[in-house]
Amino acid sequence: QVQLVESGGGLVQAGGSLRLSCAASGRTFSIYYIGWFRQAPGKEREFVAAIRWSGDRIYYADSVKGRFTISRDRAKNTLYLQMNSLTPEGTAVYYCAAAYEATSYRDQYNYNYWGQGTQVTVSS
């Protein structure tokens, strides 16, 4: 089992920045991908960014490329998402997720463990 706990959400004005954190515990050695998804009100959950736990591959959704940065501190078992130049379209619940199989990093159904989510609200 892997436990994931997100933090760092909040209210920010458009153009502002936030950094989300996800603390992983348990059988973290079994993680292959770890990443972020988000779900806006009335919409399906969507892929934001992912990183191989080894750190040698990073992936972004086109909508956040150049503005968001995913990173992880393996010693602390913590994943981060630095979000810059936020827009109101970024308002969503952000979820940390981990997968132990090397299949599609974009597919939420490939992820085995999920955090409880953290709310990000971007005001215009």
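None of these values were measured; they are calculated from a predicted model.

Conventions used here
Residues numbered from 1 in each chain as written. Predicted model: local features only at pLDDT ≥ 70, side-chain atom pairs only at ≥ 80, totals over all residues. Heavy atoms only, no water. Helix = DSSP H or I, 4+ residues; strand = E, 2+ residues; numbered from the N terminus. Rg over C-alpha atoms; globule rule 2.2 N^0.38 Å. Buried < 20%, exposed > 50% of the residue type's maximum accessible area, 1.4 Å probe, protein only. Core = buried A, V, L, I, M, F, W, Y, C linked by side-chain atoms within 4.5 Å. Disulfide = S-S within 2.5 Å. Salt bridge = Lys/Arg side-chain N within 4 Å of Asp/Glu carboxyl O. Pairing = 2+ DSSP bridges. Axes fitted to C-alpha atoms, helices over the stretch in contact; angles between N-to-C directions.

(A) Here's a closer look at the overall build of the chain. If you tally the helices and strands in the chain, you get zero helices and eleven strands. N-terminal to C-terminal, the α/β element order of the chain is β-β-β-β-β-β-β-β-β-β-β. Taken against the 2.2 N^0.38 rule, which gives 14 Å for 124 residues, the C-alpha radius of gyration of the chain at 13 Å falls within 12% of a compact globule. Taken along the three principal axes of its C-alpha coordinates, the chain extends 40 × 25 × 25 Å. Residue burial in the chain is summarised as follows: out of 124 residues, 45% are buried.

(B) Quick peek at unusual backbone geometry. In this model, Asn77 sits at a positive phi of 55°, which is unusual for a non-glycine residue. On the secondary structure map, Asn77 appears in the loop between strand E7 (68–73) and strand E8 (78–83). Look at Asn77 and you get partly exposed, because its relative accessible area is 22%. A positive phi angle is found at Ser85, which is not glycine, with a value near 50°. The topology assignment puts Ser85 in the loop between E8 and strand E9 (92–99).

(C) Looking closely at the nonpolar core. The biggest cluster of nonpolar side chains holds 40 residues, and the ones touching the most others in it are Leu4, Ile34, Trp36, Leu81, Met83 and Tyr94. With six residues, E9 is the largest single contributor of residues to this core.

(D) Spatial organisation of the state of the cysteines. Under the criterion given, the structure shown has one disulfide. Here Cys22 is linked by a disulfide to Cys96, with a sulfur-sulfur distance of 2.1 Å. Looking along the S-S bond of the Cys22-Cys96 disulfide, the torsion reads about -75°, which is the left-handed sense. Here Cys22 is found in strand E3 (residues 18–26), whereas its partner Cys96 is found in strand E9, with 74 residues between them in sequence. Taking relative accessible area as the criterion, Cys22 reaches 0% and is therefore assigned buried.

(E) How the structure looks around the pattern of salt bridges. Summed over all chains, the structure comprises three salt bridges. With a closest N to O distance of 3.6 Å, Asp56 and Arg52 form a salt bridge. The partly exposed category is assigned to Asp56, whose relative accessible area is 42%.

(F) Spotlight on the pairing of strand E1 (residues 2–7). Side-chain alternation along E1 places Val2, Leu4 and Glu6 on a buried face and Gln3, Val5 and Ser7 on a face that remains uncovered. Pairing geometry for E1 and E3, over six bridges, is antiparallel. Note on E3: the bridge partner recorded for Leu4 is Ala24.

(G) Inspection of the sheet that holds E1 at higher detail. Pairing is antiparallel in the open sheet, where four strands are placed in the order E1-E3-E8-E7. At either end of the open sheet lies a strand with only one pairing partner, and these are E1 and E7. Pairwise comparison of adjacent strand axes, ignoring direction, gives a mean angle of 15° for this sheet.

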